[in-house]
Amino acid sequence: GFLFAVVFVVAALGFKTVINGLYAVGVQQGYAPKQPIAFSHKIHAGQYEIDCKYCHTGAMKGKSATIPTVNICMNCHNQIKSGTTTGEGEIAKIVRAYNENKPIEWIRIHNLPDLAYFNHAQHVNVGGIECQTCHGPVQEMDVVRQHSLLRFQVPPSSVLFQFLVIQLPPGT
């Protein structure tokens, strides 16, 4: 009896730890890795008001918002050779990658577990959800960090929320 109880408690605690670990996969709130280029969203999206979807073209088209290619950077930086805060050094890295036909090896910040399916286009185009709803005030961030826990939630202003409210029977 006693041995069974001890084994059961240990197994239950182990199982709970595994389940908690699975729920935490991809949940890295505050994660802000050092990037290969000191890129400031505060300057690009904030000061210059470049729309997120200009660089992150996949947000309108599919599952991933996509990390910008060096070609997208060069649309502006073939003319702009000196950065607002970093001078010429960081932009020179972009130009070098372009000239050498090499990708910039950005480190993905927002990761979801493999078992999760999320489609940016569905949320951006159909739901009308702004990037900042999940990604935070990116336009104020010099260094982008994972703002949200990236767990499923339906904002009250979204079309999906309104659809769910309309479809639910009264009192639920």
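Colleague: Sorry if this is basic, but what is going on with the overall build of the protein here?
Modeller: Summing up its helical and strand segments, the protein has eight helices and zero strands in all. For the protein, the N- to C-terminal ordering of α and β elements is α-α-α-α-α-α-α-α. The buried share of the protein, taken over its 172 residues, is 24%. Here the analysis covers contacts within the protein between residues at least 6 apart in sequence; of these, 66% occur between residues at least 24 apart. Roughly 12000 Å² of accessible area belongs to the protein as shown, and the carbon and sulfur atoms make up 63% of that amount.

Colleague: What am I meant to see in the side chain of H120 here?
Modeller: Relative to the assigned elements, H120 resides in helix 6 (residues 120–126). Leaving out residues up to four positions away in the same chain, H120 has contacts with A59, G62, K63, S64, A65 and H135.

Colleague: Sorry if this is basic, but what is going on with unusual backbone geometry here?
Modeller: One can expect most non-glycine residues to show negative phi and most peptide bonds to be in trans. Within the chain, E49 stands out as a residue other than glycine whose phi angle is a positive 55°. In this fold, E49 is placed in the loop between helix 2 (41–47) and helix 3 (52–55).

Colleague: Can you walk me through the packing of helix 4 (residues 70–77) against helix 5 (residues 89–99) in this structure?
Modeller: Angle between the axes and distance between the axes: these two values describe a pair of packed helices. Two elements in contact, helix 4 and helix 5, have axes separated by 10 Å at closest approach and are oriented at 120°. Viewed along their axes, helix 4 and helix 5 adopt a mutual orientation that is oblique. Note that helix 4 runs across helix 5; the crossing there is left-handed. Residue-level inspection shows V70, N71, C73, M74 and H77 of helix 4 in contact with helix 5, the latter providing I91, I94, V95, A97 and Y98. Partitioning the contact of helix 4 with helix 5 into residue classes produces eight nonpolar, two polar and no charged.

Colleague: Just to check I follow, could you spell out the nonpolar core for this structure?
Modeller: Side chains of a nonpolar character, in soluble globular proteins, are inclined to be buried together. I37, V70, C73, M74, I91, I94, V95, A97, I104 and W106 form the largest nonpolar core, which has 10 residues in total. Listed by contribution, the elements that provide at least two residues to this core are helix 4 and helix 5. Take this core: its biggest share by element is four residues, from helix 5.

Colleague: So what exactly am I meant to see when it comes to helix 5 here?
Modeller: An α-helix turns once every 3.6 residues. As a result, residues three or four positions apart point the same way. Among the residues making up helix 5, those that are buried are E90, I91, I94, V95 and A97. Here the buried residues of helix 5 occupy an arc of 160° about the axis, which is enough to place them on one side. Immediately downstream of helix 5, the backbone of N101 shows phi near 55°, a positive value.

Colleague: Even after reading the chapter, I still don't get the packing of aromatic side chains, so can you show me in this structure?
Modeller: Remark: the centre distance and the inter-plane angle together describe each pair of aromatic rings, the angle taken between the planes. Tallied over the full model, the rule gives two aromatic pairs. With centroids separated by 6.2 Å and ring planes inclined at 25°, the aromatic side chains of F4 and F8 adopt a geometry described as stacked. You can see F4 and its partner F8 sitting in helix 1 (residues 2–23), four residues apart, about one turn around the helix. Across the pair, exposure class does not vary: F4 and F8 are exposed alike. Summarising the aromatic geometry, the rings of F39 and W106 are spaced 6.2 Å apart at their centres and angled 80° between planes, so their arrangement reads as edge-to-face. In this pair, F39 sits in the loop between helix 1 and helix 2 while W106 sits in the loop between helix 5 and helix 6, placing the two residues 67 residues apart along the sequence. Assessed through its relative accessible area of 25%, F39 is described here as partly exposed. Given the relative accessible area of 19%, W106 is considered buried.

What counts, and where the lines are drawn
- Residues numbered from 1 in each chain as written.
- Predicted model: local features only at pLDDT ≥ 70, side-chain atom pairs only at ≥ 80, totals over all residues.
- Heavy atoms only, no water.
- Helix = DSSP H or I, 4+ residues; strand = E, 2+ residues; numbered from the N terminus.
- Buried < 20%, exposed > 50% of the residue type's maximum accessible area, 1.4 Å probe, protein only.
- Contact = heavy atoms within 4.5 Å.
- Areas by Shrake-Rupley, 256 points an atom, 1.4 Å probe, with all protein chains shown as cover.
- Axes fitted to C-alpha atoms, helices over the stretch in contact; angles between N-to-C directions.
- Parallel < 35°, antiparallel > 145°, perpendicular 65-115°, else oblique.
- Left-handed = near helix turned anticlockwise from the far one by under 90°.
- Nonpolar A, V, L, I, M, F, W, Y, C, P; charged D, E, K, R; others polar.
- Core = buried A, V, L, I, M, F, W, Y, C linked by side-chain atoms within 4.5 Å.
- Arc of directions from axis to C-beta.
- Phe/Tyr/Trp six-rings, centres within 6.5 Å; stacked < 30°, edge-to-face > 60°.

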